Amino acid sequence: MKYIIAFLFLLVLPSKSQSQGALPPTFFEGKSMVLVSSDPSASPSLPWQALADSLHSYLIAAGGDPVGYLELEQVVLSKVRQAEYAKAFQQRQIQQVVLITRQKEKVSIHVAPLSGDANFISTIGIASFSGKDWKEAGQAANTNQKVFQRKPLNLEVFKLGIPLEGSAALIGPMSYYRYDLLGKNQEVFLAELENQKKEIEEIFKQNYPHAFVWLTESRSTQELINDQVQFVLVKASGPQGDLMRSFGLDPVTGEEANLMVVKYYINLLVRDEIYLGPSWDAAPNSSVALRQFLENLKK
């Protein structure tokens, strides 16, 4: 019990939604192991696995690389077990631990580097974020990524990579083992990609005067940069209010906030920066959203 208390002591924050400290560079460059602690008496009831699933996309969007999720209480059950996990994390080259704690009135996220000793994590350089629920806490962590409401510079100099949905460029080769993709007829799959490519290509020919390339295979950021691809087109979708909030913008309200929309933006790989364009141009239809985004890049 004393080890659980020691860990939870690090997780105490004021109830006000806030962000304390920037995410460490290792968060973007190395692997993270996520330890989750969820109060069973909090309402509505949310098992730790569900909390982990809810926050996974926010950790990815913030630039992290979470490779596994565990219940915090199981890791710190005893000093011996804690040491075993610390050793296993080091063997897997885990750079830091992301601690997610759900309490009755708030959710807290802490990013702590591994200490490499019996203390398990370092008490120095811990980044802290909190909110009244998992969504607000996740958005607080995500806003550490640099987001600009303008177009990026040098679009005419470097290539823009366009990932095709369903290809390994977006989902990775492991995802071909998903229930909806395993055994899918290859000809049908390739035909779907080709139709998607034709639709996007027509919009780009009309609205984008610079070089672009199709991304269909899983490639590292460095491989893309070496091939002069410094920009990647990214498609995000969801309730409009949530999307705007995730980018650090003041969200619309009322019915507009709940409207399911698509928003395109450009990710600058060398600095992991997001460029939304000079104005908000999301739309329910993905083709309309893409056309509006490219037209706004001309401004």
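The shown structure was predicted, so the numbers you read here are calculated from the model rather than taken from an experiment.

What counts, and where the lines are drawn
Residues numbered from 1 in each chain as written. Predicted model: local features only at pLDDT ≥ 70, side-chain atom pairs only at ≥ 80, totals over all residues. Heavy atoms only, no water. Salt bridge = Lys/Arg side-chain N within 4 Å of Asp/Glu carboxyl O. Helix = DSSP H or I, 4+ residues; strand = E, 2+ residues; numbered from the N terminus. Buried < 20%, exposed > 50% of the residue type's maximum accessible area, 1.4 Å probe, protein only. pLDDT = per-residue confidence, 0-100. Contact = heavy atoms within 4.5 Å. Pairing = 2+ DSSP bridges. Expected span 1.5 Å × (residues − 1). Core = buried A, V, L, I, M, F, W, Y, C linked by side-chain atoms within 4.5 Å.

K.L.:
Tell me about the pattern of salt bridges, and please be specific about residues and values.
P.N.:
Under the criterion given, the structure shown has 2 salt bridges. Across the pair D227 and K159 runs a salt bridge, and its minimum N-O distance is 3.9 Å. One end of the pair, D227, is in the loop between α9 (221–226) and β10 (229–239); the other, K159, is in strand β8 (residues 159–163), with 68 residues separating them in the sequence. Its relative accessible area of 32% is what places D227 among the partly exposed residues. On the accessibility criterion, K159 (26% relative accessible area) is partly exposed. The residue D281 makes a salt bridge to K263 at a minimum N-O spacing of 2.9 Å. Taken together, the positions of D281 in the loop between β12 (273–275) and α12 (286–297) and K263 in strand β11 (residues 260–268) put the pair 18 residues apart, joining distant regions of the chain. Taking relative accessible area as the criterion, D281 reaches 4% and is therefore assigned buried.

K.L.:
Explain the confidence of the model for the chain to me, using residue names and the numbers behind them.
P.N.:
Averaged over every residue, the pLDDT of the chain is 76; the share at 70 or more is 76%. Predicted confidence in the chain is weakest over helix α1 (residues 2–9), with a mean pLDDT of 31, and strongest over α12, with 94. Predicted confidence is poor over residues 1–21, with pLDDT under 50, and the contacts of this stretch with residues over four places away or in other chains come to 51 contacts.

K.L.:
Break down the sheet that holds strand β7 (residues 147–148) for me, citing the residues and quoting the values.
P.N.:
An order of β7-β12-β11-β10-β8-β9 is seen for the 6 strands of this open sheet, with the pairing classed as mixed. The outermost strands of the open sheet, each flanked by one partner alone, are β7 and β9 (212–215). Across 3 bridges, the pairing between β11 and β12 is antiparallel. Within β12, the residue paired with I266 across the bridge is Y275.

K.L.:
How would you explain the environment of V213 if you had to name every residue and give the values?
P.N.:
With respect to the helices and strands, the residue V213 is situated in strand β9. V213 sits in the partly exposed class, given a relative accessible area of 22%. Here the alpha-carbon distance between V213 and P163, two residues 50 residues apart in the chain, equals 8.7 Å.

K.L.:
Mind laying out helix α3 (residues 48–61), listing which residues take part and the relevant values?
P.N.:
The terminal C-alpha atoms of α3 lie 20 Å apart, and with 14 residues this matches the ideal 20 Å at 1.5 Å per residue to within 8%. For α3, the set of buried residues is W48, L51, A52, S54, L55, Y58 and L59. Looking one or two places after α3, you find G63, whose phi comes out positive at around 105°.

K.L.:
Quick rundown of the environment of A61? Include the residues and the values.
P.N.:
If you trace the backbone, A61 turns up in helix α3. A residue is classified by how much of its surface remains accessible, and A61, at 33% relative accessible area, is partly exposed. In sequence terms A61 and S246 are 185 residues apart; their C-alpha atoms lie 9.2 Å from each other.

K.L.:
Account for the nonpolar core, naming residues and giving values.
P.N.:
Residues F204, L233, L290 and L294 are the most contacted members of the largest nonpolar core, which totals 23 residues. Broken down by secondary-structure element, the contributors of at least two residues to this core are β8, α8 (186–207), β10, β11 and α12. By residue number, the principal contributor to this core is α12, which donates 5 residues. Apart from the residues lying within four places of it in its own chain, the contact partners of L290 are I200, I203, F204, L233 and Y264. Counting 17 residues, the second largest nonpolar core, distinct from the first, contains V34, W48, Y58 and F129.

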